[in-house]
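# What the coordinates show
Here is what each chain is made of, one letter per residue.
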Amino acid sequence: ESNLPVVTEAAKCVGLMARGLRKDFERPARQLLPVAMARITDKSVWRPNILVERVEQMLWALPFEYFLDELQPYLASKSLFVKKEAVGLLLRTLELPAVLCQCPDVAQRFFPALAGLVVPLADDSDNGVRHEAARFLAVLVKSNLDSPQVAPLVLDRVPANRTSTFEEEWRKVAKDEPCPLSGRGKP
């Protein structure tokens, strides 16, 4: 549909049903999420008040694994806009009440999968995508700082020429905590 008011109202209805019905809406949400996600390429409807918030509301009815599977192709897209929006959406989902209600330890439980999806974007050709990926990785590392997997899954895989981007985003996320990447010898 190209009529923005119609798309907006339909998306609102879907989002509200997902939020209200939760698991009773899982089957329709599984059918509607791919349709909504396919519109990530359309800048006219991929806006917070039209589709982004509605996709987030659908997470009340869907398991995080399903959402992650649906998001993967967009993280590997050739479109810079799509990659940046996909990483931003993934970052916001880590703090959504809908996700935390179902899986309070989402950043820990899905750490390897999340790191595997986003680490390659830390070396993207686009500065905006790199910064969005670095912000996501900083949040992910901060959430898993005590894990022995932090170094092999993230820190050791951040390219040497991109460490300053990670460190910059770390300072924004962790404030006064020392960056775990600082002082690490890169081979």
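The coordinates are above.
Conventions adopted
Residues numbered from 1 in each chain as written. Predicted model: local features only at pLDDT ≥ 70, side-chain atom pairs only at ≥ 80, totals over all residues. Heavy atoms only, no water. 1 Å grid on protein atoms, 1.4 Å probe; cavity = no way out; pocket = protein on both sides within 12 Å on 5 of 7 lines; lining within 4 Å. Points joined across faces, edges and corners; volume = space filled by probe spheres on them. Helix = DSSP H or I, 4+ residues; strand = E, 2+ residues; numbered from the N terminus. Nonpolar A, V, L, I, M, F, W, Y, C, P; charged D, E, K, R; others polar. Buried < 20%, exposed > 50% of the residue type's maximum accessible area, 1.4 Å probe, protein only. Contact = heavy atoms within 4.5 Å. Salt bridge = Lys/Arg side-chain N within 4 Å of Asp/Glu carboxyl O. Core = buried A, V, L, I, M, F, W, Y, C linked by side-chain atoms within 4.5 Å. Expected span 1.5 Å × (residues − 1). Polar contact = N/O pair within 3.5 Å; in protein donor to acceptor, adjacent residues only side chain to side chain.

Moving on, we come to empty space enclosed by the protein. One pass over the full model with this rule turns up 1 cavity of 30 Å³ or more. One number sums up the size of the largest cavity: a volume of about 50 Å³. Residue lining of the largest cavity: A122, R130, A134, L137, V158, R162, T165 and F166, and that is the complete set. Contributing elements (two or more residues each) for the lining of the largest cavity: α9 (127-143) and α11 (163-174). By residue class, the composition of the lining of the largest cavity is 5 nonpolar, 1 polar and 2 charged.

Attention now moves to the environment of V150. For V150, the position within the fold is in helix α10 (residues 150-153). Taking the relative accessible area as the measure of exposure, V150 reaches 5% and is therefore buried. Non-local contacts of V150, meaning those with residues more than four positions away in its chain, are made with F111, V141, N144, L145 and L155.

What the rule picks out here adds up to 13 salt bridges. Notably, a salt bridge pairs E26 with R30, separated by 2.8 Å at the nearest N-O pair. One end of the pair is E26 and the other is R30, both in helix α2 (residues 26-38) and 4 residues apart, which spans about a single turn. Notably, a salt bridge pairs R39 with D42, separated by 2.8 Å at the nearest N-O pair. You can call R39 partly exposed: its relative accessible area is 22%. For D42, a relative accessible area of 23% puts it in the partly exposed group.

All right, on to the layout of surface pockets then. Taken as a whole, the largest pocket spans an internal volume of roughly 210 Å³. Contributing to the lining of the largest pocket are V7, A10, A11, V14, L32, V35, A36, R39, L51, R54 and M58. When contributions to the lining of the largest pocket are tallied by element, the ones reaching two or more residues are α1 (4-21), α2 and α3 (48-58). Taken together, the residues of the lining of the largest pocket break down into 9 nonpolar, no polar and 2 charged.

Turning our eyes to something else, we now look at the nonpolar core. Ranked by size, the top nonpolar core spans 68 residues in total, and within it F64, L90, F136 and F166 carry the most contacts. No other element matches α9, which puts 8 residues into this core. In this structure F64 touches L90, T93, L94, V99, V106, F110 and L114, once residues within four positions along its chain are discounted.

Bringing helix α5 (residues 80-93) into the picture now. Taking 1.5 Å per residue, 14 residues should reach 20 Å; α5 reaches 20 Å between its end C-alpha atoms and fits that length. Inspection of α5 places V82, K83, A86, V87, G88, L89, L90, L91 and T93 among the buried residues, and these make up the whole buried set. The distance from a side-chain oxygen at the start of α5 to the backbone nitrogen of F81 is 3.4 Å, and the residue carrying that oxygen is S79.

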